Amino acid sequence: MKDVNIILGERIRTRRNMLNMTRESLAEKINVSPRFLADVESGKVGVSIETLKNLSVALSASCDYLLGVDEKNESVSELVKNELAKLPSKYGIAVLSLINELSKLD
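Definitions and cut-offs
Throughout, residues of each chain are indexed from 1 in the direction in which the sequence is written. Only residues with pLDDT of at least 70 are given local features in this predicted model, and only at 80 or more are side-chain atom pairs given and counted; all residues enter the totals for whole chains, interfaces and linings. As a rule here, side-chain values come from all non-hydrogen atoms in the structure, and water together with hydrogens is ignored. By definition, any uninterrupted DSSP run of H or I lasting at least four residues is a helix, any uninterrupted run of E lasting at least two residues is a strand, and each is numbered from the N terminus. Think of it in three bands: with a 1.4 Å probe and only protein chains considered, a residue is buried below 20% of the maximum accessible area for its type, exposed above 50%, and partly exposed in between. The contact criterion used throughout is that any non-hydrogen atoms of two residues lie within 4.5 Å. Only the contacting stretch of a helix is used when fitting its axis, a line to C-alpha atoms as for every element, and angles between N-to-C directions run 0 to 180 degrees. Oblique is the label for every angle not falling under 35 degrees (roughly parallel), over 145 degrees (roughly antiparallel), or within 65 to 115 degrees (roughly perpendicular). For any helix crossing, the convention is left-handed if the near helix is rotated counterclockwise from the far helix by under a right angle, and right-handed if that rotation is clockwise. Each residue is assigned to one of three groups, with Ala, Val, Leu, Ile, Met, Phe, Trp, Tyr, Cys and Pro labelled nonpolar, Asp, Glu, Lys and Arg labelled charged, and all others, Gly among them, labelled polar.

As for the environment of Met21
Relative to the assigned elements, Met21 resides in the loop between helix H1 (4-18) and helix H2 (23-29). Residue Met21 is classed as buried on the basis of its relative accessible area of 11%. For the pair Met21 and Leu59, spaced 38 residues apart in sequence, the C-alpha to C-alpha distance is 9.4 Å. Filtering out sequence-adjacent residues up to four positions away, Met21 remains in contact with Arg16, Leu26, Lys29, Ala58 and Leu59.

Right under this line is the structure:
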C-alpha cells in the first residue's frame, strides 16, 4: 500500500496539471512556498489540516480524494461545470456551442 504522502502528492500534481496551474500559482493560492509544494508533490512531506483544506478548495477536489480515501475523482464534466460557473452568463451559449461542436469530433 502506498504511503499517504505519495498518494497526496500524486493527486495534487495530477489535479494541478488538469487545471493548467503552475506550481507557483497554486503555492500562492494556498499560502505555501513553491519549494514546499514541490516537496509535497514528490511525497517527501505531508501537510497540515489547514493546508489540506486550502488545497481542496484551490483544486476543487475533496480532501478524501486527495488523501486516497475516496478513489472517485470528480469527472472532467464536473471540473468544466465548476469552471463555467465562474464565467459571466453571456458566455454560456458560446461555450455550450463549442462543447457541442467538439463532441462531434471523433
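Things to note about the side chain of Arg16
Mapped onto the elements, Arg16 comes out in helix H1. In this structure, Arg16 is in contact with Met21, Thr22, Arg23, Leu26, Glu41 and Leu59, ignoring residues within four places of it in sequence.

Some words on unusual backbone geometry
With phi around 55°, Asn20 is a residue other than glycine that occupies positive phi space. With respect to the element layout, Asn20 can be found in the loop between H1 and H2.

Regarding the side chain of Ser56
Looking at the secondary structure, you find Ser56 in helix H4 (residues 49-59). Given the relative accessible area of 15%, Ser56 is considered buried. Not counting chain neighbours up to four residues away, the residues in contact with Ser56 comprise Ala61, Ser62, Cys63 and Leu66.

Some remarks on the packing of H1 against H4
Across the interface, H1 lies against H4 with an axial gap of 10 Å and an inter-helix angle of 30°. Judged by the angle between their axes, H1 and H4 are roughly parallel. When the axes of H1 and H4 are compared, the crossing they make is left-handed. Contacts from Leu8, Ile12, Arg15 and Arg16 of H1 reach H4 at Leu52, Leu55 and Leu59. Of the residues assigned to the contact of H1 with H4, the class counts are 5 nonpolar, no polar and 2 charged.

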